Amino acid sequence: MDILLVEDNPGDIRLTLETFRDANPNIRLHVARDGAEALDFLRHKGTHVTSPRPELILMDLNMPKMDGRQVLAEIKSDVNLKLIPTVILTTSDAEADVVKCFQLQANSFLCKPVELAAFESLVKSINDFWMTKTRLPLLTGQDSLMPIQ
Amino acid sequence: MDVLLVEDNPGDVQLMRLVFQEVFTSVRLHVANDGLEALAFLRRLGPNAKAPRPDLILLDLNMPKMDGRELLAEIKKDAGLRIIPVVILTTSVAEEDVLAGYSLQASSYLRKPVDFIALKKRMQTVGEYWLNVTVPNQSLYCCS
């Protein structure tokens, strides 16, 4: 299974990689270091021509070039990407950010804890819920062809 | 905390009540038997004037009067309701239902197990994620 982590902080990237490796070795965690790279990955552009389609996107909000809110808006307005569950993972718990992200159709909003044990627990919850219990859409890049009832 | 279960099958409602009694002792489970009843609860209409705003909606798909798809569309059109997470919980594993659910902006989609032990396990995971971890429901891990 493939997860795209959109995160610019090197320490957080390393911690997330290691924690997911411990939680579920079957997950391939791909990293985009800013919003523009995330969109290139999702749209198979530039150096990401052979990138897989992720089952889940974990995204920070505050990043250079294109921030998480802009990327979320792009993802949810793109017929080929909008059904990929997108989870916001950020240190911000500002009400304005939470409301904005839900308006932009984020699937859920998680606050990144500072303590290691709490972060490990959070990653376990993400893995347990999204990777083992949730029925994720089987997408082929043709989301727009799906029936809407 | 409050969870609204939208489910028309009396057996499934009873099973879920038992699960909540065992797993979520501090969570109040409210039940609506169809989509119209759920909307009345969410909009505090009629006898629901004092209904709490649920922290999570668990939604079946196939129901009389107004089904889960129609209800989900109504919720996501309503600026006052769309922020409430909606988790589809159904026996349907049809791919068109999964895609329609995500397309209508369900937060996530889960298959509903038919036996008590499996349902209890699944709901433990659901509760841990949606009632403990996510913002704005409860800032368990949070900074504030």
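Computed from a predicted structure; not experimentally measured.

### A look at the sheet that holds strand β2 (residues 28-32) of chain A
And step 1. Strand order in the open sheet made by the 6 strands is β2(A)-β1(A)-β3(A)-β4(A)-β5(A)-β6(B), with mixed pairing throughout. Looking along the sheet, the strands with just one partner apiece sit at the ends: β2 of chain A together with β6 (134-135) of chain B.
And step 2. Packed on one face of the sheet, helix α4 (residues 95-103) of chain A meets β4 (86-90) and β5 (108-111) of chain A together with β6 of chain B and runs near 155° to β5 of chain A.

### A word on the packing of aromatic side chains
And step 1. This model, assessed by the stated rule, comprises 6 aromatic pairs over all chains.
And step 2. Considering the side-chain rings of F129 of chain A and W130 of chain B, the 5.7 Å spacing of their centres and the 85° angle between planes classify their relative orientation as edge-to-face. With F129 of chain A in helix α5 (residues 116-133) and W130 of chain B in helix α5 (residues 116-133), this residue pair bridges two chains.
And step 3. We classify W130 of chain B as buried; its relative accessible area is 0%.
And step 4. For the ring pair W130 of chain A and Y129 of chain B, a centre distance of 6.0 Å and an interplane angle of 90° mean the geometry is edge-to-face. In this pair, W130 of chain A sits in helix α5 while Y129 of chain B sits in helix α5, so the two residues belong to two different chains.

### Focus on empty space enclosed by the protein
All names here are of chain B.
And step 1. Applying the stated criterion across every chain, the model contains 2 cavities of 30 Å³ or more.
And step 2. Within this model, the largest cavity holds a volume of roughly 60 Å³.
And step 3. The wall of the largest cavity is formed by L5, E7, D12, L15, M16, L89, K112, P113 and L119.
And step 4. The element best represented in the lining of the largest cavity is helix α1 (residues 10-23), accounting for 3 residues.
And step 5. Residue classes in the lining of the largest cavity are distributed as 6 nonpolar, no polar and 3 charged.
And step 6. In this structure, the second largest cavity spans a volume of roughly 30 Å³.
And step 7. Around the second largest cavity, the lining residues are V3, F20, F24, L56, L58, M123, V126, G127 and L131.
And step 8. Every element with two or more residues in the lining of the second largest cavity is listed here: β3 (56-59) and α5.
And step 9. Ranked by residue count, the leading element in the lining of the second largest cavity is α5, at 4 residues.
And step 10. Residue composition of the lining of the second largest cavity, grouped by class: 8 nonpolar, 1 polar and no charged.

The rules behind the values
Residues numbered from 1 in each chain as written. Chains lettered and ligands numbered in written order. Predicted model: local features only at pLDDT ≥ 70, side-chain atom pairs only at ≥ 80, totals over all residues. Heavy atoms only, no water. Pairing = 2+ DSSP bridges. Helix = DSSP H or I, 4+ residues; strand = E, 2+ residues; numbered from the N terminus. Contact = heavy atoms within 4.5 Å. Axes fitted to C-alpha atoms, helices over the stretch in contact; angles between N-to-C directions. Phe/Tyr/Trp six-rings, centres within 6.5 Å; stacked < 30°, edge-to-face > 60°. Buried < 20%, exposed > 50% of the residue type's maximum accessible area, 1.4 Å probe, protein only. 1 Å grid on protein atoms, 1.4 Å probe; cavity = no way out; pocket = protein on both sides within 12 Å on 5 of 7 lines; lining within 4 Å. Points joined across faces, edges and corners; volume = space filled by probe spheres on them. Nonpolar A, V, L, I, M, F, W, Y, C, P; charged D, E, K, R; others polar.

Function cannot be read off these values alone, since they describe shape.
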